[in-house]
Amino acid sequence: REYTAQMVQEIEPHLSLTDAIVIGPGIGLKQHTFEFFTELLKLTAPRKIPLVIDADALQLLKRLKHVSGYDAGLCVVTPHPKEAADLLDCGAGDI
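Asks: Would you explain the overall build of the chain in this entry?
Replies: Each helix and strand in the chain was counted, giving 4 helices and 3 strands. Reading the chain from its N terminus to its C terminus gives the helix and strand order α-β-α-β-α-β-α. Compactness check: the chain gives a C-alpha radius of gyration of 13 Å against a globular reference of 12 Å for 95 residues, within 12% of the reference. Counting only contacts in the chain whose residues sit at least 6 apart along the sequence, the fraction spanning at least 24 positions is 70%. Carbon and sulfur atoms form 55% of the exposed surface of the chain, whose accessible area is close to 5900 Å². Computing the positive centroid from 9 side-chain charges and the negative centroid from 13, the chain places the two 4 Å apart.

Asks: Whenever I open this one, the nonpolar core confuses me. Can you help?
Replies: Burial of nonpolar side chains together is a common tendency in soluble globular proteins. Counting residues in hydrophobic clusters, the biggest one holds 22 residues, and the most contacted among them are I23, F36, F37 and I53. Going through the elements one at a time, α1 (7-11), β1 (21-23), α2 (31-44), β2 (51-53) and α3 (56-63) are the ones with two or more residues in this core. At 6 residues, the largest contribution of residues to this core is made by α2. Excluding anything up to four places from it in sequence, I53 contacts I23, F37, L58, L61, C75, V76, V77 and T78.

Asks: What is the right way to look at the sheet that holds strand β3 (residues 75-77) in this model?
Replies: Strand pairing in a sheet takes place through backbone hydrogen bonds and is either antiparallel or parallel in direction. Sheet architecture is open: 3 strands sit in the order β1-β2-β3, paired in parallel fashion. Edge positions in the sheet fall to β1 and β3, since each has one partner strand and no second. For this sheet, the mean angle separating the axes of adjacent strands, direction not counted, is 15°. The sheet contact formed by β2 and β3 spans 3 bridges and is parallel. When the bridges of β3 are listed, I53 appears paired with V77.

Asks: Whenever I open this one, α2 confuses me. Can you help?
Replies: The periodicity of an α-helix, 3.6 residues per turn, causes residues three or four places apart in sequence to face the same way. The terminal C-alpha atoms of α2 lie 20 Å apart, and with 14 residues this matches the ideal 20 Å at 1.5 Å per residue to within 8%. Among the residues making up α2, those that are buried are T33, F34, F36, F37, T38, L40, L41, L43 and T44. Close packing links the buried residues of α2 with α1, β1, β2 and α3.

Asks: Mind showing me how you'd approach the packing of aromatic side chains here?
Replies: The description of an aromatic ring pair rests on the distance of the ring centres and on the angle between the ring planes. In the structure shown here, the tally under the stated rule is 1 aromatic pair. Positioned above the aromatic ring of F34, the side-chain terminus of R63 is 4.4 Å from the ring centre.

Asks: What is the right way to read the environment of I49 from this model?
Replies: The topology assignment puts I49 in the loop between α2 and β2. Each C-alpha atom, one on I49 and one on A72, is 11 Å from the other, the two residues being 23 residues apart in sequence. Beyond its immediate chain neighbours, meaning those up to four positions away, I49 contacts L15, T18, D19, A20, I21, T44, Y70 and L74.

Here is what the cut-offs are and how they apply
- Residues numbered from 1 in each chain as written.
- Predicted model: local features only at pLDDT ≥ 70, side-chain atom pairs only at ≥ 80, totals over all residues.
- Heavy atoms only, no water.
- Helix = DSSP H or I, 4+ residues; strand = E, 2+ residues; numbered from the N terminus.
- Rg over C-alpha atoms; globule rule 2.2 N^0.38 Å.
- Contact = heavy atoms within 4.5 Å.
- Areas by Shrake-Rupley, 256 points an atom, 1.4 Å probe, with all protein chains shown as cover.
- Lys, Arg positive; Asp, Glu negative; His and termini not counted.
- Charge placed at Lys NZ, Arg CZ, Asp CG, Glu CD.
- Core = buried A, V, L, I, M, F, W, Y, C linked by side-chain atoms within 4.5 Å.
- Buried < 20%, exposed > 50% of the residue type's maximum accessible area, 1.4 Å probe, protein only.
- Pairing = 2+ DSSP bridges.
- Axes fitted to C-alpha atoms, helices over the stretch in contact; angles between N-to-C directions.
- Expected span 1.5 Å × (residues − 1).
- Phe/Tyr/Trp six-rings, centres within 6.5 Å; stacked < 30°, edge-to-face > 60°.
- Lys NZ or Arg CZ within 6 Å of the ring centre and 35° of its normal.

Everything listed here is a matter of coordinates, which is why it stays silent on function.
Here is the structure:
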């Protein structure tokens, strides 16, 4: 499935039923997926919906220059050592 920024509008009506969102495994790294991820962050931030960010979404997160308005306390990242090293710009042995 291809994820696009427009798909976030399809998600919006269901957010009132959501306790948290898990994003990442298998989502992909294409530009339209990055735009989907960015729009999802914009939509969920003011609603204070917790996010679990894993796998591909960790790479998308790294591409962001700034996450505006998102409470870091509502965000859980779950990298394995290689992903953590990539996010922190260091070697896996440093993790």
